[in-house]
Structures are given as structure tokens and as C-alpha cells.
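Each chain, written out:
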Amino acid sequence: MNLFKLAPKRAVRISSLNIATRETANLTNLAHRNFFSSLNKNYYSPLDRKNSLSIFKFTQSRYITNPAVTKIEKFKKLEKEDVDFFGSILPSSSILTTQEYGGKHTTHDLHIHNIAAFTDITGSSNLVLFPTTANQVSQILKYCNEKMIAIVPQGGNTGVLAGGIAVFDEVILSLSKMNKIRSLDKDSGALVCDAGCVLEELDNYVGEFGLTMPIDLGAKGSCHIGGNVSTNAGGIRYLKFGSLHGSVLGLEVVLPDGTIINNLSTLRKDSTGYDIKQLFIGAEGTLGVVTGVSILTAKKPKKLMSLYEDLQNSGTVEDGIVIEGGKVFHYLFINYLINYNSLLRHEKNELEKFKA
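Only a predicted model underlies this, so the values are computations on that prediction, with no experimental measurement involved.

A tally of helices and strands in the chain yields 13 helices and 14 strands. Scored against the burial criterion, the 356 residues of the chain give a buried share of 44%. A sequence separation of at least 24 residues applies to 70% of the contacts in the chain between residues at least 6 apart. Looking at the chain as shown, the accessible area adds up to about 18,800 Å², and 53% of this sits on carbon and sulfur atoms.

Structure (C-alpha cells):
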């Protein structure tokens, strides 16, 4: 099916924000369904994570024949006494572990946290922790640092590069329960929230006050703002608002030794000392765990432009933008829906090469 038969070639449709967003979302969902149905039935779909346990081998099994990739020996194996300590910090409802470590869950229950979207990368973590405050994160990281327990921070788990997946048996630190909005300055547009807030929910919240988030992704219904910051995510509003290096006003970060850096500034310009937050934007949790974000929102546009164009004829897209003289990016968002048919054929060929 050619998605672009739904609109004339090079046609530009301007409609209300809600209608245009809904149309684009429907087309994107349709393309995703066509994508997964066109591939081998054994190919993993994130829409069916719970039933995909038997499809893929653990990532660590790939490394058995590769002596260059092994778990670092200085990291200890998780023990029941470690889980008991975490139980003194968190309630039982915030700890997901197997019966081997005194829990009530199975490996299948942990599977959704052990597999990455759109990949066959699978970890074998036996413990997922769900802190709700920066202080709890601090205690967890301090203990893991002292006991040499490997740990992986995880957000909405929507990344396609599996940065939030345990390669071996690392402890997973999920920030999904840190999802509170702390404050919003309606005049300046400065929003302060927990790192586990879902991007779409934040956009809906600030939208009630005539504002919008400076970032928008296909995974906005699941991804966390902390993960967006930690990966320096771009998205379809990048051309309008630029990188998160410019939109993020401040961060709250917990270092590996448990130290909490509270740099949640709401000032658009702050020249007092080093701009520490820039170190953690795009660091993917390697320097510390982002637990709070202060970000500058923008005025919500009254219109949205959806541009439907064939990926194989990208020159016409550039011509269309030049004709507008740059005004498109100044006043409107652009949803650029590429020709999924040509893209999916390429992805399918690449997948077959990978399997071979």
C-alpha cells in the first residue's frame, strides 16, 4: 500500500493542530502495522513484548564465543542480602525480582524490562527497582557503588539502541514511578518535573496553558523526559527549537557515589560558574542518573503543517522549503511523513542480511 496515495503528490495540508496530529498518527500507526506484517513472523514487535520471550536468545549468549566481551570480574553477583537492603529503602511494590532472591515474580514478568524495542537485544536482569525520589536513587547508587554491583538506569525503554538494557545480570533502575510535575511558570514557560514523566503527558499538561514541549517523538506516549535528556533526543521539532542543550534549563542528577547535584535552575540565562548540566545531556546515564528536569516550553502554535513527500524524491522537499523562504519553520511545525513503502523494503532487506 502506498501511503502517499492518500494525499496528492507535493500537497501541503494545513489544518487545526488536533486534526493534523491525529491524521499523522493514524498514518504512522498504519505504516508500522504494514511493517511488522510484511516481515518474518518471528521478527520481534514491541506491540507483543509479553509473548516474545521464546523468540530471542539472551544477549550474553552471543558473547560466549567472544572472549573480548565478558562481564567485568570486579562486579559482584547479586545476592539475596543485596535485595534485602533495597527492601529497606523501597516498599515491596517497588521491587520486581524472582523467587531466587525472595521475590514473587518469574523471569517472564521481568522480560518487558529486559528487551529493547525493535531489536533482539535481551538482558537477563533478575532485579528491577522503582524509586520515587532522588534520595532513594542516591541510597541505591551509593550501595551499588560500595558493593560493586552493576546497575543500568532505564526510562520508558523505547530506545532502539538498547542503552537501557542489561547486557548481563545488571540491576535495572527504572525511573517510571518518578513521574510528578513539580512546577510550571506560565509566564516564562519553565517546567520542572521528575525524570520519569512521559513526554506526551507533559505536552498535554502544558498545552492546557497555551504552551508546548520543545521536543516531539514517535515514542512520545511511552518515552520519559529523563531519557530524552540523557540521549539528547531530537525529534520532529528539532528544526524549530533546536537541541535539548539549549532547551534544558537545569537538571537534578545523582552521581554514582550517591551525591545529589541539584541544578534545577529556571533561569534562561545563568552565567554563575560552569554549565554542569551540559555534561549529562546525551551522556546516557554513564556519568549519573537524571532524576529531575527543568526545561523551557514554548508558545503553542495555532496551526500545524503536515508535508507528505516521497523519500526517493527528497529534492522536491528542499525546493518546497526554499519556496516558503524559511517562514514554515518560523510559524509552524512540520510533520514530515516519509514514504514508508520504500523505507520498509530497505529495512526488510537489511534484516534478511542480518539473519543470514
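Next comes the rest of the account.
Moving on to the sheet that holds strand β9 (residues 248-254). The five strands lie next to each other as β6-β7-β11-β9-β10, forming an open sheet whose pairing is antiparallel. Each of the sheet's edge strands pairs with one partner strand only, and the pair in question is β6 (181-184) and β10 (260-263). Strand-to-strand twist of the sheet, defined as the mean angle between neighbouring strand axes without regard to direction, takes the value 15°. Looking at chain direction, β9 and strand β11 (residues 289-296) are connected through six bridges and run antiparallel.

The nonpolar side chains of soluble globular proteins are, as a tendency, buried together. Residues Leu129, Ile225 and Leu251 are the most contacted members of the largest nonpolar core, which totals 46 residues. For this core, the element with the most residues is helix α5 (residues 134-147), which contributes six residues. Of the domains in this structure, domain 1 (55-174) and domain 2 (181-299) are the two that each give at least three residues to this core.

Next up on the list: the pattern of salt bridges. Within this structure, the stated rule accounts for nine salt bridges. Ionic pairing is found between Asp216 and Lys220, a salt bridge with its closest N-O pair at 3.6 Å. Via salt bridges that share partners, Asp203, Asp216, Lys220 and Arg237 belong to a single interconnected network.

What follows is about the confidence of the model for the chain. Averaged over every residue, the pLDDT of the chain is 75; residues scoring 70 or more account for 65%. Ignoring residues within four places in sequence, the model shows residues 1-56, a span with pLDDT below 50, making 103 contacts including any to other chains. Of the regions scoring below 50 in pLDDT, residues 319-340 engages in 56 contacts with residues more than four places distant in sequence or in other chains.

What follows covers the side chain of Thr98. Assignment of secondary structure puts Thr98 in the loop between β2 (95-97) and α4 (107-114). Under the relative-accessibility criterion, Thr98 is labelled buried at 7%. Setting aside residues no more than four positions away along its own chain, Thr98 makes contact with Gly103, His105, Thr106, Thr107, Leu110 and Asn126.

Time to look at the sheet that holds β2. Read from one edge to the other, the open sheet built from four strands follows the order β2-β3-β5-β4, with strand pairing classed as mixed. Each edge of the open sheet carries a strand with a single partner, namely β2 and β4 (151-154). Strand after strand, the sheet turns through a mean of 20° between neighbouring axes, direction not considered. The pairing of strand β3 (residues 127-129) with strand β5 (residues 171-174) spans two bridges and is parallel.

A few words on helix α6 (residues 199-207). For α6, the full list of buried residues reads Leu199, Leu202, Asp203, Val206 and Gly207. Looking straight down α6, one finds its buried side chains confined to an arc of 135°; they lie on one side. Looking at the buried positions of α6, the neighbouring elements they touch are β6, β7 (190-194), β8 (211-212) and α7 (225-230).

Right, let's talk about the environment of Gly159 for a bit. Tracing the sequence through the fold places Gly159 in the loop between β4 and β5. A relative accessible area of 39% means that Gly159 is categorised as partly exposed. Placed 42 residues apart in sequence, Gly159 and Ala117 show a C-alpha to C-alpha distance of 6.5 Å. If we skip the residues at most four places from it in the chain, Gly159 touches Ala116 and Ala117.

Under the definition given, this model contains four aromatic pairs. Aromatic side chains Phe85 and Phe86 sit 6.0 Å apart centroid to centroid with 65° between the ring planes, which places their arrangement in the edge-to-face category. Residue Phe85 is classed as partly exposed on the basis of its relative accessible area of 29%. The buried category is assigned to Phe86, whose relative accessible area is 0%. Measuring from centroid to centroid gives 5.5 Å for Tyr205 and Phe209, while their planes differ by 70°, and the two rings are edge-to-face. Relative accessible area serves as the criterion here: at 33%, Phe209 is assigned to the partly exposed category.

Moving on: the environment of Thr212. Tracing the backbone shows Thr212 in strand β8. The spatial distance from the C-alpha of Thr212 to the C-alpha of Leu296 is 9.4 Å, given a sequence separation of 84 residues.

Reading guide: rules and limits
- Residues numbered from 1 in each chain as written.
- Predicted model: local features only at pLDDT ≥ 70, side-chain atom pairs only at ≥ 80, totals over all residues.
- Heavy atoms only, no water.
- Helix = DSSP H or I, 4+ residues; strand = E, 2+ residues; numbered from the N terminus.
- Buried < 20%, exposed > 50% of the residue type's maximum accessible area, 1.4 Å probe, protein only.
- Contact = heavy atoms within 4.5 Å.
- Areas by Shrake-Rupley, 256 points an atom, 1.4 Å probe, with all protein chains shown as cover.
- Pairing = 2+ DSSP bridges.
- Axes fitted to C-alpha atoms, helices over the stretch in contact; angles between N-to-C directions.
- Core = buried A, V, L, I, M, F, W, Y, C linked by side-chain atoms within 4.5 Å.
- Domains from an automatic or database assignment.
- Salt bridge = Lys/Arg side-chain N within 4 Å of Asp/Glu carboxyl O.
- pLDDT = per-residue confidence, 0-100.
- Arc of directions from axis to C-beta.
- Phe/Tyr/Trp six-rings, centres within 6.5 Å; stacked < 30°, edge-to-face > 60°.

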